[in-house]
Amino acid sequence: MNTELLGIIASFAITLIIAIPLGKYLAKMFAGEHVWTDFMKPLERGIFKLAGINPKEPMNWKQFLKAMMVINILWLAYGFFVLIYQDKLPLNPDGNPGMTADLAFNTIISFVVNCNLQHYSGESGLTYLTQHFIVMFLQFTSAATGIAAAVALFKAFRDKTTTDLGNFWDFFVKSITRLLLPLSIVIALILTFNGTPSSYAGKDQFISMQGDIVNVSRGPAAQMIAIKHLGTNGGGWFGANSAHPLENPNYLTNMVEIVSQMIVPMAMILAFGIFIRRKKLGLVIFGVMTVGMFMLMIPTITSELGGNPAIAKMGITQATGAMEGKEVRFGPTATAYWSTLTTIVSTGSVNGMHDSTMPLTGLWQLLGMMINGFFGGCGVGILNYFIYLIIAVFISGLMVGRTPEFLGHKVEAREVKIAAIITLLSPLLIMAGTAIASYVFMAHGNADWAVKPANWLNNPGYHGFSEMLYEMTSANANNGSGFEGLGDNNIFWNVSTGIILILGRFLPIFGPIAIAGLLAQKKYVPESAGTLRVDTVTFGLMTFAIILVLNALSYFPALVLGPIAEYFSMIK
Amino acid sequence: MKSQSNKLFEPALVQSALKQSFIKLNPKVMMRNPVMFTVEIGTAIMLYVTIYSLTHTGQGTFVYNFFIFLILLLTLLFANFAEAIAEARGKAQADSLRKTREDTPANVIDSDGNITIVSSNQLKKGDMFVCEAGETIPTDGEIVEGLATIDESAITGESAPVIRESGGDKSSVTGGTKVLSDRIKVMVTTQPGESFLDKMIALVEGASRQKTPNEVALTILLASFTIVFIIVCVTLKPFADYAHTPITVAALISLFVCLIPTTIGGLLSAIGIAGMDRALRANVITKSGKAVETAGDIDVLLLDKTGTITIGNRKATQFWPAPGVSPEDLVKACVLASLSDETPEGKSIIELAQHGNNRISLQAPQGSLAIKFTAETRSSGIDTPDGMRIRKGAYDSMRKLALNAGHTMQAAVKERVEAISSNGGTPLVVTQNEEILGTVELQDIIKPGIAERFERLRKMGVKTVMVTGDNPLTAKFIAEKAGVDDFIAEAKPEDKMNYIKQEQASGKLVAMMGDGTNDAPALAQADVGVAMNSGTQAAKEAGNMVDLDNDPTKLIEIVEIGKQLLITRGTLTTFSIANDVAKYFAIVPALFIASIPALQSMNIMRLHSPESAILSAVIFNAIIIPMLIPLALKGVEYKPIGATALLRRNLLLYGVGGVVAPFIGIKLIDLVVGLMV
């Protein structure tokens, strides 16, 4: 078998081998059962004592969300000012400047919401202080916020009827001390030993073979790259992200990074099933997500290995597939594999340029982010999937002649209303955002901005449309990857994506937690022969159909005008 | 007089529904249905565009715009027609019941006993009236004095007259029924216009119809889909500008109307009304639409044994002579003892005796003295002039009688008695001059076909519980034989109540049927309480449905009607959404083919031209509504095959079918339209 293929099969196998026991561990750990990481208890106790928090205090869904929002708003305010004044603060060996207000607005939101959309380049846009105490710090906390929210959902369905969704602070701190921190240390060490810099020294220099002096940015990168993947953050130390040779030196680090971005989202799904004592439900959800992943990944790999038809027309053979924008050390298969994972799990890190991938690959990348529920980001993946689940439960409940119910709780108008609002939020943000961008591009092309709207797009036509659509989709999905080629560091993109980021993050957390909280309060209805079971393959298929149809219906016209038109024009 | 016309479209109803379809175009009425209301706005815009295109260019030809406008208008009318025909059918059904209570003179009697004749629609709650043989009862009420046979065929369709009397559980009379014999004094129990029938009529009439919670939830979901498609269509304009493609208003509105779930949106209220209409056709008056829906969710069904599971009362099935007694002697004694016994058991003994021997004498000797049953002796019988004392009664009392008279108790008799008991039967021991002659076996006769119905309920996930006054042993036997899941033996009224509360505490929904005043609390407690029309006013007030047929097995039908209602909504929603896939493939390439010729590859249906593609999609979208009206009115069939299997079946039929059908339909329409454009 072709070694490139073998490489991704091995990556997937390793991911599974780690994710399965990790899922079991997470279920036990969050349930408060005895686990081997209990040695962290004194540290946690210290943190809680210092913060004056009682981690045993039960919270209902409103209290839980309030606690979550208070701390997130605090980070937003803190980060915004530090980014603006980073040039005046220590740990700035390269003398990088402070951020403009609109860029700081975009950047701080982007990191607080676990998106890591970067309208700056790490080498010149941040200092070691902000890389560390803003970016890396938030990469831990934003992932932990997502995980804590997901555990609240778990808690809602563990017992028959409850108002207690657990304590936000407890889940949040434990996510860091017992999951993200230990694993990050392991990953960072592997990266460091493979050549990723981890020192605090400033730029280095070397003289190239042409005799030019080349400045090489470095810094404590390995630490951040570990959590950037483990926490599905995706924001790179360097502007080129994991395509950069220091950020991702070799095939082994590539595997480590690709495995580390998948294990938490996968483990969380399995943990859900175990935590609520319905293992089969966890497996069915896992199955739906895996099938969805492969349905996006296989055509992606095929279209990349097939090469570029435009180059083929010139009579050039492309034995290794489409190589534009790819790193030779990874090859197109591993890059395609990565591009699928990074778009479905909302990491948004890249090891090759998505802008250069084939039109249909762009379609699958966009779809992955639009769906945003095939594994999805740390914790929030299952929250997004939960909304699809509620819609599926409602429609299929009707189809079998019973008032719809989910795990013994009746799904009624109030829950449907919340699910409906969250369902229409993504199309609203993505489509309205892209529509406004198109309008500004066409009608106000010469506006006097840092980048003139008419010069936003590196590529005209359908691909340019895809660039704008991709940016908005990435922001809504809190993904953070970009079809680079879009001139995005200007007030329009900084502000518009900033707003989309914050709405696209918190509303899809509020919705599912509110639904879960409302359902959990309701009387538990025991199952009977008339009850529709949600842990069957049939119901899995139903959910899958709902996911496909909802997304296809919402985005079909936009996708036709972007990647699909580009594809058909290319093969003509 | 049950007007069980099964024709869906009676000419008279169609005519009134057609008229209503236009009246319902009133925006104030349309607003109740957000999906169709947006279609109406789209239609209004198209009307403007059509007029505009008469004098201006750039928005397509006048004829094309006019056709789009016309089809959108038809879409609205079709949806209105669906609702109107459902309403008309419901009203026709209700009217046929209401006819029975047209103005009838009432003999109102005041406290002094003076009788004045008053029109029935002026009767107020608390008024008293008298009714004599041959008169029609003017309104619903409760008998306070007297007993009468009443012909209720106007309501129930059952021709056999029934007996209603004051006090007890059969004191209720219904307006429109006729007194056949005797005279009764009745107290009016409802205000004019507030009888159950009036409430039911209001439920099927649009204006006062309240949406059920489930219907509200579905409307919200459909509204959110509609908003998604508003976003899709509005954003398409700047997208198209970017792609340098002019898009006509007609195309945008067509795309929008095709995408929003008009199929289910147009049929939603018809489905709800039709559900209640089906209940009414089953001769059940529901007090709210919610009750019908709840019926579909029922987990536990409480059923009285007598009349529901078994036919009326116990029947004699076998004579068992004691050793040394000839069968003829036993039968003769039994017949004599039962001649003056008016109870169903007594009559059944005579029936059984006649069955074996037609020539048996049914005349008691002159001068015989009938001994009535008393609680003290727990036996009844006859004393003949020639000194014979025949008694029949419970084993215990007969045994005492025999032993006291110095007779021995034969072991064989005891064994027989025990055998009958453990078989679910009731033994009656017969003595002649205190000497035991033998035993009569009385058995409950389980209704034919009832076991199959319980099996069907079990498959639906409904647990059946039998309520009976019998001892636990007998109850268990009958429960097993009839196939019910559980039973309450030696039941007192409060036992029902406790059972219901207990099931509800564990989250289950309970339905029960009852008639007596002492059933009222339990009827009120149950999630679905069906009172029999013959029952007391208290029972009828407490329940949320009234069964005009007084048929205790009606609950099973009601459960199915409730399930059907939800299934019809669910499957049509799925169908409606699945349809969109094909519509996208028809319209989106049509929108952009002019400026992006490569998109011809997406025109997988090979539709004739952009105009014909758009027209075909809109036409398909319109005509699918009337095509589905029969399904909406009759309801999608419910099959008790388990929830998952049912989901698989409906997903295949209405989901996959919903994806495929419009591809075929739009292509066919395009073949015709393509010729004309």
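Everything numeric in this text was worked out from a predicted model, so none of it was measured.

## Overview of the overall build of chain A
Counting its secondary structure elements, chain A contains 18 helices and four strands. The C-alpha atoms of chain A give 23 Å as radius of gyration, which agrees with the globular expectation for 572 residues (25 Å, within 12%). Oriented by its inertia axes, the alpha-carbon framework of chain A measures out at about 75 × 60 × 55 Å. By residue count, 60% of the 572 residues in chain A fall in the buried class.

## Quick look at the interface of chain A and chain B
Residue-level contacts link 55 residues of chain A with 58 residues of chain B. Mapped onto the side of chain A that touches chain B, the elements with two or more residues apiece are helix 14 (380-399), helix 15 (413-443) and helix 18 (537-571) of chain A. Of the residues belonging to the side of chain A that touches chain B, the class tally is 36 nonpolar, 13 polar and six charged.

## Considering the environment of Leu 366 of chain A
Residue and element names in this part refer to chain A. Topologically, Leu 366 is positioned in helix 13 (residues 359-371). As for Leu 366 and Thr 343, which are separated by 23 residues in sequence, their C-alpha atoms are 7.5 Å apart. With residues near it in sequence (within four places) discarded, Leu 366 still touches Leu 469, Tyr 470, Thr 473, Leu 559 and Pro 563.

## As for the nonpolar core
Membership of the largest hydrophobic core comes to 341 residues, with the highest contact counts inside it found for Ile 390 of chain A together with Ala 82, Val 465 and Ile 587 of chain B. With 21 residues, helix 20 (residues 554-592) of chain B is the single largest residue contributor to this core. Three or more residues apiece are contributed to this core by two domains, here domain 1 (11-93 + 201-283 + 559-676) and domain 2 (298-311 + 447-548) of chain B. Setting aside anything within four residues of it in sequence, one finds Ala 82 of chain B in contact with Gly 266, Leu 267, Ala 270, Ile 625, Ile 629 and Ala 632 of chain B. If you look at the next biggest cluster of nonpolar residues, it comprises 29 residues, including Cys 334, Val 335, Ile 382 and Val 413 of chain B.

## Here we look at the sheet that holds strand 16 (residues 435-443) of chain B
Residue and element names in this part refer to chain B. Read from one edge to the other, the open sheet built from six strands follows the order 11-16-15-14-13-12, with strand pairing classed as antiparallel. In this open sheet, the two edge strands, each paired with only one partner strand, are strand 11 (315-321) and strand 12 (369-371). Here the strands of the sheet are splayed against their neighbours by 20° on average, with no regard to which way each runs. Judged from the three bridges that link them, strand 12 and strand 13 (residues 379-383) form a sheet pairing that is antiparallel. Note on strand 13: the bridge partner recorded for Leu 369 is Asp 383. Its contacts with the sheet put helix 12 (residues 344-356) on strand 11 and strand 16, and the angle it makes with strand 11 is roughly 60°. Running over the sheet, helix 13 (residues 395-404) touches strand 13, strand 14 (389-393), strand 15 (426-432) and strand 16 and is turned about 20° from strand 15.

## A closer look at the pairing of strand 2 (residues 115-119) of chain B
Residues and elements named next belong to chain B. When you tally the buried positions in strand 2, you get zero out of five residues, a small fraction of the element. Across five bridges, strand 1 (residues 105-109) lies against strand 2 in antiparallel orientation. Looking at the pairing, Pro 105 lines up with Ser 119 of strand 2. Here strand 1 hands over to strand 2 after five residues, with Gly 113 in that stretch at a positive phi of 90°.

## Thoughts on the UniProt feature "binding site: Mg(2+)" (unreviewed entry) in chain B
Residue and element names in this part refer to chain B. Cross-referencing UniProt, the feature "binding site: Mg(2+)" (unreviewed entry) maps to Asp 515 and Asp 519 in the present numbering. Looking at where Asp 515 falls in the secondary structure, it is placed in the loop between strand 19 (510-514) and helix 18 (520-525). Assessed through the 26 C-beta atoms surrounding it within 10 Å, Asp 515 is described here as buried. Those residues in contact with Asp 515, other than ones at most four positions away along the chain, are Asp 169, Ala 531, Met 532, Ser 534, Gly 535 and Ala 539. Assignment of secondary structure puts Asp 519 in the loop between strand 19 and helix 18. Note on Asp 519: 27 C-beta atoms within 10 Å, which makes it buried. Once residues within four sequence positions are removed from consideration, Asp 519 is found in contact with Pro 493, Gly 514 and Ala 539.

## Here's the deal with the packing of helix 12 (residues 331-344) of chain A against helix 13 of chain A
Any two packed helices are characterised by how steeply their axes cross, that is the angle between the axes, and by the distance between the axes. Residue and element names in this part refer to chain A. Helix 13 packs onto helix 12 with a crossing angle of 25° between their chain directions and a minimal axis gap of 7 Å. Our classification of the angle between helix 12 and helix 13 gives roughly parallel. Facing helix 12, whose interface residues are Ala 336, Ser 339, Thr 340, Thr 343 and Ile 344, helix 13 presents Thr 361, Trp 364, Gln 365, Gly 368 and Met 369. For the contact of helix 12 with helix 13, a count of residues per class yields four nonpolar, six polar and no charged.

What counts, and where the lines are drawn
- Residues numbered from 1 in each chain as written.
- Chains lettered and ligands numbered in written order.
- Predicted model: local features only at pLDDT ≥ 70, side-chain atom pairs only at ≥ 80, totals over all residues.
- Helix = DSSP H or I, 4+ residues; strand = E, 2+ residues; numbered from the N terminus.
- Rg over C-alpha atoms; globule rule 2.2 N^0.38 Å.
- Buried ≥ 20, exposed ≤ 12 C-beta atoms within 10 Å, placed from the backbone.
- Contact = placed C-beta atoms within 7 Å.
- Nonpolar A, V, L, I, M, F, W, Y, C, P; charged D, E, K, R; others polar.
- Core = buried A, V, L, I, M, F, W, Y, C linked by C-beta atoms within 7 Å.
- Domains from an automatic or database assignment.
- Pairing = 2+ DSSP bridges.
- Axes fitted to C-alpha atoms, helices over the stretch in contact; angles between N-to-C directions.
- UniProt positions renumbered as here; feature names shortened; annotations may be inferred.
- Parallel < 35°, antiparallel > 145°, perpendicular 65-115°, else oblique.

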